[in-house]
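# Analysis of the macromolecular model
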Amino acid sequence: MSTAAPAPATHAAVSRSASGRIFNFSAGPGCLPDDVLSQVQQDVFNIAGSGIGILEHSHRGKVFDRVLAEAQQSFRAISNLPENYHVLFMTGGASSQNFLVPANLKPQDQPADYITTGYWAEKSLEHARPYGALHEAASSKDKNHSYIPADDQIRYSPSPAYVHFCSNNTIYGTQWHRINDAGACTWLQRDPVAPAGVPLVCDMSSDIFSRPVDFTRYGLVYAGAQKNLGAAGTTVVVVRDDLATRKVRELPWLLRYETFAKDESRPNTPPVFAIHICGLVFKWILSHAQPGRHCLEVIHEINVRKAGHVYAAIDSSGGFYRGHAHANARSLMNLTFKCPTPDLDDAFCAQAAAQGLDGMKGHRSTGGMRASMYNAMPEDGCKTLAQFMKDFAARNG
Ligand code: PMP
């Protein structure tokens, strides 16, 4: 088959959410909740009745004091974070953590272990190289990062400074999950079993707060804000106190976690706007709580349902769509799949975009499509996409 069937005129209407915006499946920056965006519009002009917008307030003034304190408190409320953990709002993207983590935590001669399950996890290892010995404890590269290694496939070095992994592989569409006794995926938090006493470090950029998470299992977690937390410009770091204050080498003041922990994330002018947006997103997350149910339980249930619509469209397509990830490693956030030919992939993306399903082109290392369905993607968007997939397969299969 060389050319794709055109979309029939009856399908030409653009799909829109209740607010009139189209559905944005981009991998990041990703979609944000409509309520947050409306509030931000107002706050840019005049925040909290102060007569001054959020972009214009002093980062040491009372209005920003409150923005920062509320963002901190909301993060802690979502994550039930104990006192011995700091929440830092840093800059430089998740990528800067690739060197800040080893710079702060790893003595030059002591190895750190890396589990490389995708593009970003490989970057984390690569960018730690200036800080000395490293060990690749496991990799999924042999199968183009389509799976997550089992515990017995991971070989730790004798005494690593930490074990680094990435909980959700944005590009390949795989995620660490707990598998139940029947061998089925629960979609719940699973971590590598690091050697006793060795801190786990997790890049949670693309799935933080998508499901219940116990942060006390980690020494340090980082996440660029532009997917599930807010806007590009800040990276949230959750770090245990003994690691925040660990001293393994001389470092400039602004590269130390301790500086940010002591100065409430504002040793210099912080990304005030990005922090404010995070604070609003955290409140939106908290608003999902129901009597007797934690907000992340509710969000997780919605995310499982959302991904379920699209995975069902893949699995019921009679082989027209092929998913990249192994069934037990499928991501709830980034769903990767292909049509039978690259031409059909292109037609899929073009026709989907014309109907208001935007940002679906897969990364160059996987090809095909990637539907990113972060917390703020409405379930309606996922249902609309699943229906589009069925119609497209029927026209072209
Ligand atoms: N880690 C993961 C899992 C990511 O998805 C990304 C960005 N897509 C990064 C790291 C890099 O983030 P940044 O662009 O904020 O440096």
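The sections below set out a description of the structure shown in this document. (Residues numbered from 1 in each chain as written. Predicted model: local features only at pLDDT ≥ 70, side-chain atom pairs only at ≥ 80, totals over all residues. Heavy atoms only, no water.)

### Things to note about the pairing of strand β9 (residues 220-224)
Stated formally: Here the term buried applies to any residue with accessible area under 20% of the maximum for its type, exposed to any over 50%, and partly exposed to those in between, with areas from a 1.4 Å probe on protein chains only. Under the scheme used here, helices are H or I runs from DSSP no shorter than 4 residues and strands are E runs no shorter than 2 residues, and both carry numbers assigned from the N terminus. Two strands make a pair as long as DSSP finds a minimum of two bridges between them.
Of all five residues making up β9, five are buried, and the element is well covered by its neighbours. With burial as the criterion, each face of β9 is covered, one bearing Leu220, Tyr222 and Gly224 and the other bearing Val221 and Ala223. As paired strands, strand β8 (residues 200-203) and β9 are joined by three bridges and run parallel to one another. Pairing of Val201 across the sheet is with Leu220, part of β9. Pairing geometry for β9 and strand β10 (residues 235-240), over five bridges, is antiparallel. The partner of Tyr222 across the bridge, within β10, is Val237.

### Quick notes on the packing of helix α3 (residues 93-105) against helix α4 (residues 119-128)
Applied cut-off: Simply put, an axis is a line fit to the C-alpha atoms, just over the touching stretch for a helix, and the angle between two N-to-C directions goes from 0 to 180 degrees. For classification purposes, angles smaller than 35 degrees are called roughly parallel, those larger than 145 roughly antiparallel, those between 65 and 115 roughly perpendicular, and all remaining angles oblique. Crossings are classed by handedness, with left-handed meaning an anticlockwise turn of the near helix from the far one by less than a right angle and right-handed meaning a clockwise turn. By definition, residues are in contact when any of their heavy atoms lie within 4.5 Å. Gly is placed with the polar residues, together with every amino acid not listed as nonpolar (Ala, Val, Leu, Ile, Met, Phe, Trp, Tyr, Cys and Pro) or charged (Asp, Glu, Lys and Arg).
It is at 8 Å that the axes of α3 and α4 come closest, and there the two elements cross at 45°. Between α3 and α4, the interaxial angle falls into the category oblique. Crossing of α3 over α4 shows right-handed handedness. Across from Ser95, Asn98, Phe99 and Pro102 in α3, the residues of α4 making contact are Trp120, Lys123, Ser124, His127 and Ala128. Tallied by class, the residues present in the contact of α3 with α4 amount to four nonpolar, four polar and one charged.

### Description of the environment of Asn144
Position of Asn144 among the secondary structure elements: in the loop between β4 (134-139) and β5 (163-166). Residue classification places Asn144 among the partly exposed positions, given a relative accessible area of 35%.

### Describing the sheet that holds strand β12 (residues 334-338)
Spatially, the three strands line up as an open sheet ordered β11-β12-β14, and their pairing is antiparallel. Among the strands making up the open sheet, the edge pair consists of β11 (322-323) and β14 (369-372). Judged from the four bridges that link them, β12 and β14 form a sheet pairing that is antiparallel. Note that in β14 the partner of Thr336 across the bridge is Arg370.

### Observations regarding the environment of Met369
Take Met369: it is sitting in strand β14. Distance from Met369 to Gln226, taken between C-alpha atoms, is 20 Å for residues 143 residues apart in sequence. The contact partners of Met369, leaving out residues within four places of it in the chain, are Leu335, Thr336, Phe337, Lys338, Cys339, Asp345, Phe348, Cys349, Met360 and Gly362.

### Focus on the sheet that holds β9
If you trace the seven strands from one edge of the open sheet to the other, you get β2-β10-β9-β8-β5-β3-β4, paired in mixed fashion. Edge positions in the open sheet fall to β2 (85-90) and β4, since each of these has one partner strand only. Sheet twist, expressed as the mean angle between neighbouring strand axes with direction ignored, is 20°. Summarising the sheet, β5 and β8 pair through four bridges and their orientation is parallel.

### Brief notes about the pattern of salt bridges
The condition is simple: Counted as salt bridges are all cases of a side-chain nitrogen of Lys or Arg within 4 Å of a carboxyl oxygen of Asp or Glu.
If you walk through the whole model with that rule in mind, you get 18 salt bridges. A salt bridge links Arg240 to Asp242, with the nearest nitrogen and oxygen atoms 2.7 Å apart. Judged by relative accessible area, Asp242 falls into the partly exposed class, the value being 40%. Connected via shared salt-bridge partners are Arg293, Glu297, Glu301, Arg305 and Glu379.

### Focus: the site of the ligand
Under the convention used in this document: Nearness of a residue to a molecule or strand requires only that one of the residue's heavy atoms be within 4 Å of it. Contacts described as polar in this section are N or O atom pairs within 3.5 Å, which, within protein, must combine one atom able to donate a hydrogen with one able to accept it, while residues neighboring in sequence count only if both atoms come from side chains. Here the open area of atoms and residues is found with the Shrake-Rupley method and a 1.4 Å probe, where only the protein chains shown may cover a residue.
By nearness alone, every residue bordering the ligand is listed as Gly93, Ala94, Ser95, Trp120, Cys166, Asn168, Thr170, Asp203, Ser205, Ser206, Gln226 and Lys227. A distance of 3.0 Å is found between an oxygen atom of the ligand and a backbone nitrogen or oxygen belonging to Ala94. Asp203 is positioned such that a nitrogen or oxygen atom in its side chain is 2.6 Å from a nitrogen atom of the ligand. Taken by itself the ligand offers 400 Å² of open surface, and the protein chains cover 83% of this. The element contributing the most residues to the shell around the ligand is α3, with three residues.

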